Amino acid sequence: MAVFSKIKALLPSLSSSEEKLANYILSSPTALRDLSSQKLASTVGVSQSSVVKFAQKLEYKGYPALKLAILDDMSNVQTDHQTLHGSIAIDDDYDTMSSKLLQSKIAVLSQTKNLNDRHAISAAVSLLSQANRVLITGLGGSALVGKDFAFKLQKLGIVAISEVDGHAQLAIASTLNERDVVFALSESGLTRETVNVVNEANANKVPVITVTKFGDTPVSINAKVRLYSVAEEAATRISSILARTAQELVIDILFIALMQSSSSSRALLEKSRDVVSQFRNN
């Protein structure tokens, strides 16, 4: 349900007219089936041009494309997801809690996959495969995902740097140039330390790849390649779990795409597996 994820991600930054459209679509998506752009505008109380601009803000060519995407998303919602997906309550039993968590993870994985098109993934793969060095920046849970990605890149022979300290990340960023890459992870796109690293990279003309929520954020606004992740659960703890789940999908897609694109990378991966396997117990 990428359309609804996009709308929710943009809600804080929408104009009053756009907010009216967003709230109506989120609350009454089935009503769009019988509404033209003119009728939708009249129903919500905005201009028809606002409807078109709203669709374009969501990266659709116009209202017909937006309407089709919404209806298509709705038809793909599975019954069990509708039944089980919801906030995990403190008194949920094990089966209910684990089912809700599973369905929440499935939802964010599906939405994250749909938010990222193959052209953006291909552009990111091209930058990463040609980089002299890759600095991975992010704090908290994003730093953990960054460590994982650095290890994956290193197994493919790509020089990747992942420091958990924001000041260390900034210091390293100051040494990079246009032949390097900064890979920035921030679910909110607002993390101050990550913004500082990205700004330093931009000042040094370093290509930046970002993984943030959908839309313009301080982290992603000037990125060369923008990738997206989703974490919609309101509760802070579960949101952190879902954010990492979504980010891990993005880095795993990139890792596999990098491996597919280079025979030398595949050879290095096999070599690393063979070396490690010697120390495993039979």
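Details of the structure are given in the entry above.
Residues numbered from 1 in each chain as written. Predicted model: local features only at pLDDT ≥ 70, side-chain atom pairs only at ≥ 80, totals over all residues. Heavy atoms only, no water.

**Section: empty space enclosed by the protein**
Which entries qualify depends on this criterion: In the cavity and pocket records, a cavity denotes points on a 1 Å grid over the protein atoms alone where a 1.4 Å probe fits but cannot get out, a pocket denotes an open set with protein on both sides within 12 Å along at least 5 of 7 lines, and lining residues are residues with an atom within 4 Å of a point. Grid points are joined across faces, edges and corners, and a volume is the space filled by probe spheres set on the points. Under the DSSP-based scheme used, a helix requires at least four consecutive residues in state H or I and a strand at least two consecutive residues in state E, with every element numbered from the N terminus. Classification convention: Asp, Glu, Lys, Arg as charged; Ala, Val, Leu, Ile, Met, Phe, Trp, Tyr, Cys, Pro as nonpolar; all other residues, Gly among them, as polar.
By the definition in use, this model includes 1 cavity of 30 Å³ or more. Reported here for the largest cavity is a volume of approximately 30 Å³. Around the largest cavity sit Ile136, Thr137, Gly138, Ser142, Ala143, Gly146, Ser162, Glu163, Gln169 and Leu185, which together line it. Contributing elements (two or more residues each) for the lining of the largest cavity: strand 1 (134-137) and helix 9 (141-155). Top element by residues in the lining of the largest cavity is helix 9. It accounts for 3 residues. Here the lining of the largest cavity is built from residues that sort into 3 nonpolar, 6 polar and 1 charged.

**Topic: the packing of aromatic side chains**
Let me state the cut-off plainly: Each Phe, Tyr or Trp ring (for Trp, its six-membered ring) is paired with any other whose centre lies within 6.5 Å, and the angle between the two planes then decides the class: stacked below 30 degrees, edge-to-face above 60, tilted in between. Here's how the labels work: a residue is buried when its accessible area is under 20% of the maximum for its type, exposed when over 50%, partly exposed in between, all with a 1.4 Å probe on protein chains only.
Applying the stated criterion to the full structure yields 2 aromatic pairs. Taking 4.7 Å as the distance between ring centres and 50° as the angle between the ring planes, the aromatic pair formed by phenylalanine 149 and phenylalanine 183 counts as tilted. With phenylalanine 149 in helix 9 and phenylalanine 183 in strand 3 (residues 181-185), this residue pair connects regions lying 34 residues apart in the sequence. The class of phenylalanine 149 is buried, set by a relative accessible area of 0%. You can call phenylalanine 183 buried: its relative accessible area is 0%.

**Thoughts on the nonpolar core**
Grouped burial of nonpolar side chains is what soluble globular proteins tend to show. The line we're drawing: Think of a nonpolar core as a cluster: buried Ala, Val, Leu, Ile, Met, Phe, Trp, Tyr and Cys residues, connected wherever their side-chain atoms sit within 4.5 Å. Note on contacts: a residue pair is in contact if any heavy atoms of the two residues lie within 4.5 Å.
Judged by nonpolar contacts, the single largest core of 33 residues is most densely connected at Ile25, Phe54, Leu58 and Leu66. Mapped by element, the contributors of at least two residues to this core are helix 1 (2-10), helix 2 (16-27), helix 3 (37-44), helix 4 (48-57), helix 5 (63-75), helix 7 (94-115) and helix 12 (236-261). With residues up to four places along the chain from it excluded, the contact list for leucine 58 reads Lys6, Ile7, Leu10, Leu66 and Phe214. Listed in part, the 30 residues of the second largest apolar core include Val125, Val145, Val225 and Leu227.

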